[in-house]
Amino acid sequence: MKIDYVSDLHINHHVRFNHNQTKWEQQTKLWTEKLMEKGTGDVLIVAGDFSEWNKQALWFLEVASLHYRHVLFGTGNHDRYLISKKQREKYGMSSNRIQEFLDEAAGIPHIVPMQQSVVTIDDVCFAGDGLWYRPLTPEDFSFYMNNSNDSVYIWEGLPIQETPEFLYRQAMDWYRSLDGHPVDVMLSHVPPVHPPISPYSRNACYDCPVEFLVAPHWVCGHQHVQGDFQVAGTTFHMNALGYPSENLPLALKSFDFPN
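Fair warning: this is a prediction, and the values are worked out from it, not measured in the lab.

Focus on the nonpolar core
Proteins that are soluble and globular tend to have nonpolar side chains buried together.
Move 1: If you look at the biggest cluster of nonpolar residues, it comprises 30 residues, and the most contacted ones within it are Leu131, Tyr175, Leu178, Met186, Val214 and Trp218.
Move 2: For this core, the secondary structure elements donating two or more residues are strand S6 (124-128), helix H8 (163-176), strand S8 (217-220) and strand S10 (234-239).
Move 3: For this core, the element with the most residues is H8, which contributes 6 residues.
Move 4: Leave out the neighbours within four places in its chain, and leucine 178 touches Val118, Ala127, Met186, Phe212 and Val214.
Move 5: Counting 29 residues, the second largest nonpolar core, distinct from the first, contains Leu44, Val46, Leu61 and Val63.

Next comes the structure, spelled out in structure tokens:
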């Protein structure tokens, strides 16, 4: 099986919001078609951070569904953002926005939402979730509160400083249930390790340490890097598109399973 993968699309930074919905949809789908045109895999994995707008993320998935037998996706922190007054009034909490996205995406042919999910395709077992990070030290919380937009735009009906712990515990309760499960490919938005290919020093808001690595292959994102590396027998695949200002190559990458 050949698996194409990508993360951190941040589509709304590449195709800006347009009050002309028809034009915005057309531009988004053209951007997606250009990304898909060199895809050659059987399965596409998208490891979260589509857009600050569900509608735009769904347009992406509609196009991707025409190119692959299966498109597996997880959600990222930006997929929880409520960036406008209208969004906050509509959803109330970020989890409601996520649930709408998952529900509508599930109705698109060939699309497989991976939110605390396990699915087997052609005898390959995939597991997926966004996972979440966990600030612990005063320095971690200072960064979260003063530097991270997550503390501004993610709302779960809790005091701001308690939100990461709440999301982390939800993620880890599910992840620990995979212990002993024969998973072949794991996908998450937040990586479980600090990528050695990253040019940045470790920051607790950018990884989710786990007690065990559940699969021999792991597709993840959140940190805007591109490349493969190995940790404790697991091969990590990262291919973030990032923001236009980062000038990362806008292309899908792939690996074969088994390799």
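Looking at unusual backbone geometry
Move 1: That bond from phenylalanine 257 to proline 258 is cis: its omega, -5°, falls within 30 degrees of zero.
Move 2: Inspection of the secondary structure assignment puts proline 258 in the segment after strand S11 (253-256).
Move 3: Positive phi, normally seen in glycine, also occurs at aspartate 8, with a value near 50°.
Move 4: Along the chain, aspartate 8 turns up in the loop between strand S1 (2-6) and helix H1 (11-14).
Move 5: A positive phi angle, near 55°, is found at leucine 131, a position not held by glycine.

Some remarks on the packing of helix H3 (residues 54-64) against helix H5 (residues 94-106)
Move 1: Contact geometry for H3 and H5: axes closest at 10 Å, N-to-C directions at 25°. Considered as vectors, H3 and H5 are oriented roughly parallel to each other. When the axes of H3 and H5 are compared, the crossing they make is right-handed. The segment H3 lies against H5, with Asn54, Ala57, Leu58 and Leu61 engaging Arg97, Glu100, Phe101, Glu104 and Ala105.
Move 2: Partitioning the contact of H3 with H5 into residue classes produces 5 nonpolar, 1 polar and 3 charged.

Focus: the pattern of salt bridges
Move 1: Enumeration according to the criterion identifies 9 salt bridges in this entry.
Move 2: Arginine 80 is paired through a salt bridge with glutamate 156; the nearest N and O atoms lie 3.0 Å apart. One end of the pair, arginine 80, is in the loop between strand S3 (70-74) and helix H4 (85-91); the other, glutamate 156, is in the loop between helix H7 (150-153) and H8, with 76 residues separating them in the sequence.
Move 3: Judged by its relative accessible area of 7%, glutamate 156 falls in the buried class.

Examining the sheet that holds strand S2 (residues 43-47)
Move 1: Strands sit in the order S4-S3-S2-S1-S11 across an open sheet of 5 strands; the sheet is mixed. Either end of the sheet is taken by a strand with one partner, and the two such strands are strand S4 (111-113) and S11. Between one strand axis and the next, the sheet turns by 25° as a mean value, whatever way the strands run.
Move 2: Summarising the sheet, S1 and S11 pair through 4 bridges and their orientation is antiparallel. Note on S11: the bridge partner recorded for aspartate 4 is serine 254.

Thoughts on the environment of threonine 32
Move 1: Structurally, threonine 32 is set in helix H2 (residues 21-36).
Move 2: Looking at threonine 32, the relative accessible area reads 0%, which means it is buried.
Move 3: Each C-alpha atom, one on threonine 32 and one on leucine 9, is 10.0 Å from the other, the two residues being 23 residues apart in sequence.

So, the packing of H2 against H3
Geometrically, a packed helix pair is captured by the angle between its two axes and the distance between the axes.
Move 1: For the pair H2 and H3, interaxial distance at closest approach is 9 Å and the crossing angle is 45°. Comparing the axis directions of H2 and H3 gives the class oblique. Remark: the crossing between H2 and H3 carries right-handed chirality. For the pair formed by H2 and H3, the contact residues are Gln21, Trp24, Glu25, Thr28, Lys29, Trp31, Thr32, Glu33, Leu35 and Met36 on the first element and Lys55, Gln56, Trp59, Phe60, Glu62, Val63 and Ala64 on the second.
Move 2: Class assignment for the residues of the contact of H2 with H3 results in 8 nonpolar, 4 polar and 5 charged.

What counts, and at which threshold
- Residues numbered from 1 in each chain as written.
- Predicted model: local features only at pLDDT ≥ 70, side-chain atom pairs only at ≥ 80, totals over all residues.
- Heavy atoms only, no water.
- Core = buried A, V, L, I, M, F, W, Y, C linked by side-chain atoms within 4.5 Å.
- Buried < 20%, exposed > 50% of the residue type's maximum accessible area, 1.4 Å probe, protein only.
- Helix = DSSP H or I, 4+ residues; strand = E, 2+ residues; numbered from the N terminus.
- Contact = heavy atoms within 4.5 Å.
- Axes fitted to C-alpha atoms, helices over the stretch in contact; angles between N-to-C directions.
- Parallel < 35°, antiparallel > 145°, perpendicular 65-115°, else oblique.
- Left-handed = near helix turned anticlockwise from the far one by under 90°.
- Nonpolar A, V, L, I, M, F, W, Y, C, P; charged D, E, K, R; others polar.
- Salt bridge = Lys/Arg side-chain N within 4 Å of Asp/Glu carboxyl O.
- Pairing = 2+ DSSP bridges.

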